[in-house]
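Analysis of the macromolecular model
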Amino acid sequence: GENVEQHPSTLSVQEGDSAVIKCTYSDSASNYFPWYKQELGKRPQLIIDIRSNVGEKKDQRIAVTLNKTAKHFSLHITETQPEDSAVYFCAASGDDKIIFGKGTRLHILP
Amino acid sequence: DAGITQSPRHKVTETGTPVTLRCHQTENHRYMYWYRQDPGHGLRLIHYSYGVKDTDKGEVSDGYSVSRSKTEDFLLTLESATSSQTSVYFCAISSGESYEQYFGPGTRLTVT
């Protein structure tokens with residue numbers, strides 16, 4: 001079955017700098033890659049997703065890139081702000097199920 | 001937030017007792033999912049449903065059963081709760097027309 005690895009597990013960046021979270025997946029049949037943000041005590045929220053026919057997608061300060069050949073995908077957050085502090089999960093899906101990475105705790109330092 | 005509710009939101013129970021968690025949606029979505037979230041493990045799929053009375057196992061299904069008798073309700077049952085089932089349980093829904101999943105508010109279950 002699908003396996004998703006996510007790195008790093010913890011990331012601290014200065015406010016205003018960029019943050020990058022990387023994921024790899026194992027199943028070449030996967031074709032949908034969502035990213036979720038989870039604030040403390042809250043539910044995971046879908047923030048952006050990418051499908052296998054697209055290499056990059058942007059939404060304001062966040063962007064995702066996908067390299068299907070290498071089975072890598074990444075989340076990029078530019079001009080980080082205090083409200084970006086949260087746990088971020090990557091995931092991969094090729095059928096009815098989504099398999100999640102273990103998460104990255106992002107700290108934005110003042 | 002999508003129209004998803006979970007009940008109860010918090011529960012403390014003793015080892016060996018049965019527990020049922022409920023997920024209710026008002027979106028008429030075809031797919032419903034149960035996940036558990038534990039520190040260091042992310043979100044792990046327990047069971048999911050792709051229609052009324054149609055369910056399948058996920059990664060961590062041992063010790064859990066599910067039922068879906070109506071489109072809007074998906075029940076997760078722990079037949080005999082164990083301390084290893086202490087966790088936060090999230091329900092999620094998906095239309096099936098896209099892969100996007102939307103999560104409920106979660107249920108914190110403590111088994112003592």
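For the structure, check the block above.
Cut-offs used in this document
Residues numbered from 1 in each chain as written. Chains lettered and ligands numbered in written order. Predicted model: local features only at pLDDT ≥ 70, side-chain atom pairs only at ≥ 80, totals over all residues. Heavy atoms only, no water. Pairing = 2+ DSSP bridges. Helix = DSSP H or I, 4+ residues; strand = E, 2+ residues; numbered from the N terminus. Axes fitted to C-alpha atoms, helices over the stretch in contact; angles between N-to-C directions. 1 Å grid on protein atoms, 1.4 Å probe; cavity = no way out; pocket = protein on both sides within 12 Å on 5 of 7 lines; lining within 4 Å. Points joined across faces, edges and corners; volume = space filled by probe spheres on them. Nonpolar A, V, L, I, M, F, W, Y, C, P; charged D, E, K, R; others polar. Contact = heavy atoms within 4.5 Å. Salt bridge = Lys/Arg side-chain N within 4 Å of Asp/Glu carboxyl O. Polar contact = N/O pair within 3.5 Å; in protein donor to acceptor, adjacent residues only side chain to side chain. Disulfide = S-S within 2.5 Å. Buried < 20%, exposed > 50% of the residue type's maximum accessible area, 1.4 Å probe, protein only. Core = buried A, V, L, I, M, F, W, Y, C linked by side-chain atoms within 4.5 Å.

All names here are of chain A. Reading across from one edge, 1-3-8-7-6 is the order of the five strands in this open sheet, with antiparallel pairing throughout. Of all the strands in the sheet, just strand 1 (4-7) and strand 6 (56-59) have a single pairing partner and so form its edges. Taking each pair of neighbouring strands and ignoring which way they run, the sheet shows an average axis angle of 15 degrees. Here six bridges tie strand 3 (residues 19-25) to strand 8 (residues 72-77), and the two strands are oriented antiparallel to one another.

Computed from the structure, the largest pocket encloses a volume of approximately 760 Å³. Residue lining of the largest pocket: 32 residues in total, with Gln38, Val87, Phe89 and Arg105 of chain A together with Gln37 of chain B positioned closest to the centre. Looking at the lining of the largest pocket, the elements with two or more residues in it are strand 1, strand 9 (86-93) and strand 11 (104-109) of chain A together with strand 4 (31-38), strand 9 (87-94) and strand 11 (107-111) of chain B. Top element by residues in the lining of the largest pocket is strand 1 of chain A. It accounts for four residues. In terms of residue class, the lining of the largest pocket is made up of nine nonpolar, 15 polar and eight charged.

Interface extent is often summarised as the accessible area lost during association of the parts. Counting residues at the interface gives 24 residues for chain B and 22 residues for chain A. For Glu100 of chain B, the salt bridge goes to Arg51 of chain A, with nearest N and O atoms at 4.0 Å. Where chain B packs against chain A, one counts six residue pairs in polar contact (both at pLDDT 80 or more). Elements with a contribution of two residues or more to the side of chain B that touches chain A: strand 4, strand 5 (42-51) and strand 10 (102-103) of chain B. Its residues placed into classes, the side of chain B that touches chain A shows 13 nonpolar, seven polar and four charged.

We now examine the state of the cysteines. Summed over the entire model, instances satisfying the criterion amount to two disulfides over all chains. Between the sulfur of Cys23 of chain A and that of Cys90 of chain A lies a disulfide, 2.0 Å long from S to S. On the S-S bond that ties Cys23 of chain A to Cys90 of chain A, the torsion sits near -100 degrees, and the link is left-handed. Separated by 67 residues along the polypeptide, Cys23 of chain A in strand 3 and Cys90 of chain A in strand 9 bring together distant segments of the chain. Overall, Cys23 of chain A belongs to the buried group, its relative accessible area being 1%. A relative accessible area of 0% means that Cys90 of chain A is categorised as buried. Paired by a disulfide, Cys23 of chain B and Cys91 of chain B hold their sulfur atoms 1.9 Å apart. Looking down the S-S bond of the Cys23 of chain B and Cys91 of chain B bridge, the torsion is -70 degrees, so its handedness is left-handed. On the criterion of sequence distance, the pair formed by Cys23 of chain B in strand 3 (residues 19-25) and Cys91 of chain B in strand 9 is long-range, its members being 68 residues apart. Owing to a relative accessible area of 0%, Cys91 of chain B belongs among the buried residues under this scheme.

The next thing to look at is the nonpolar core. Judged by nonpolar contacts, the single largest core of 24 residues is most densely connected at Trp35, Phe73, Leu75 and Leu106 of chain A. Ile4, Cys23, Leu78 and Cys91 of chain B belong to the second-largest nonpolar core, a separate cluster that totals 18 residues.

What follows covers the environment of Ala19 of chain A. Residue and element names in this part refer to chain A. Structurally, Ala19 is set in strand 3. Each C-alpha atom, one on Ala19 and one on Asp84, is 9.9 Å from the other, the two residues being 65 residues apart in sequence. Not counting the four nearest positions on each side in its chain, Ala19 is found in contact with Leu11, Val13, Leu75, His76, Ile77, Thr80 and Leu106.

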